[in-house]
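# Observations on chain architecture
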Amino acid sequence: MTLIAIVFATLLAGIGSVWLAALLGFGLLGRYTQHMLSLAAGALLATAFMHLLPEAFNSQADARDLFIVLLVGLVFFFLLDKAELYHHGHEHGHHHAHHGHAGHGHGHGTGQPAAGGWAVLTGDSVHAFGDGILIASAFVADLRLGVVAALAVLAHEVPHHMGDLVVLRQTSNSQRAALVKVSLAGTITVLGGLTGYGLVAHLQDYLPYFLVVASSSFVYVALADLIPQLQKRLSARETAAQIGWLGVGIALVTAASALSHAHHG
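Residues numbered from 1 in each chain as written. Predicted model: local features only at pLDDT ≥ 70, side-chain atom pairs only at ≥ 80, totals over all residues. Heavy atoms only, no water.

## Structural notes on the overall build of the protein
Counting its regular elements, the protein contains 10 helices and zero strands. Counted from the first residue to the last, the protein has its helices and strands arranged as α-α-α-α-α-α-α-α-α-α. Sequence separation of 24 or more characterises 84% of the internal contacts of the protein that already satisfy a separation of 6 or more. As presented, the protein carries roughly 12200 Å² of accessible surface, and 67% of it is formed by carbon and sulfur atoms. (Helix = DSSP H or I, 4+ residues; strand = E, 2+ residues; numbered from the N terminus. Contact = heavy atoms within 4.5 Å. Areas by Shrake-Rupley, 256 points an atom, 1.4 Å probe, with all protein chains shown as cover.)

The following block contains the structure:
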């Protein structure tokens, strides 16, 4: 039952997020990207601080050890990000429409667009594999936690993939080709989920540490990647919208947790 839930959740998070991003990105790119960034940041922070970390600290594991893992995890994801292998290695959404991938040295203008495209796909695949392991860890701990973690990954991946699709559309000049490539990278989430299930199932005593690593990933992505893109000089109305969508992300995670808990109970 747990394994089936992991496969379904990783498919939804990995591929469902790509198709939802295509639906939003190819038709509504621009204004709504910012809303999705705010929602994703709220969802990731709520999942980390309201669900994954409390679950880890309710275990028999030493609190000091868990905090050390959290700190090391944040530094680790920072270093992976510097290597442009973990998550995006690029900005999201409308930034691409104006700046291509030049900010990170990947083929702007007549340079090397294909290299930029492959860099995005490589980063996507590594990121998707990590997401799969994190989702599996949460499901092994508790079905409710797994549902919440999968939804948080889904919310975060939508604005991420909106940016990827724009970059790949520029390198291949085809929406369909871009969609297929990012979808294939998304399927790696399932492989990560299966690997995570095998690992965590045999390492139950280390489950609290897996959950803390998942939390450090979510916190890092929200604070280092998503929120900085929202820190712009905006009108009072736009700022209120940002805060509102951040709240929506937190509320969605809380509601999903309550619903899945009621169903699980």
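## What about the nonpolar core?
Counting residues in each nonpolar core, the largest one holds 37 residues, and the members touching the most others are Leu44, Leu52, Ile135, Phe218 and Leu226. For this core, the leading source of residues is helix 9 (residues 207-230), giving 10 residues. Ignoring sequence-local partners within four residues, the contact set of Phe218 consists of Leu44, Thr47, Ala48, Leu52, Leu134, Ala149, Ala152 and Val153. Counting 14 residues, the second-largest nonpolar core is a separate cluster that includes Ala22, Leu121, Leu165 and Ala185. (Core = buried A, V, L, I, M, F, W, Y, C linked by side-chain atoms within 4.5 Å. Buried < 20%, exposed > 50% of the residue type's maximum accessible area, 1.4 Å probe, protein only.)

## Comments concerning the pattern of salt bridges
Pairing between side chains of opposite charge can happen when their charged atoms approach one another. Under the criterion given, the structure shown has one salt bridge. Between Arg144 and Asp142 there is a salt bridge; the shortest N-O distance is 3.5 Å. Each member of the pair, Arg144 together with Asp142, is buried. (Salt bridge = Lys/Arg side-chain N within 4 Å of Asp/Glu carboxyl O.)

## Regarding the packing of aromatic side chains
The final tally for this structure, using the stated rule, is three aromatic pairs. Note on Phe57 and Phe67: the rings are 5.0 Å apart at their centroids and 50° apart in plane angle, and the pair reads as tilted. Residue Phe57 is located in helix 2 (residues 31-57), and its partner Phe67 is located in helix 3 (residues 63-82); the two are separated by 10 residues in the primary sequence. For Phe57, a relative accessible area of 28% translates into the label partly exposed. (Phe/Tyr/Trp six-rings, centres within 6.5 Å; stacked < 30°, edge-to-face > 60°.)

## Notes on the packing of helix 7 (residues 175-186) against helix 8 (residues 188-202)
Orientation of helix 7 relative to helix 8, taken along the N-to-C sense of each, is 0°, at an axis distance of 4 Å. Viewed along their axes, helix 7 and helix 8 adopt a mutual orientation that is roughly parallel. From helix 7, Leu184, Ala185 and Gly186 reach across to helix 8, where they touch Ile188, Thr189 and Val190. Considered class by class, the residues forming the contact of helix 7 with helix 8 number four nonpolar, two polar and no charged. (Axes fitted to C-alpha atoms, helices over the stretch in contact; angles between N-to-C directions. Parallel < 35°, antiparallel > 145°, perpendicular 65-115°, else oblique. Nonpolar A, V, L, I, M, F, W, Y, C, P; charged D, E, K, R; others polar.)

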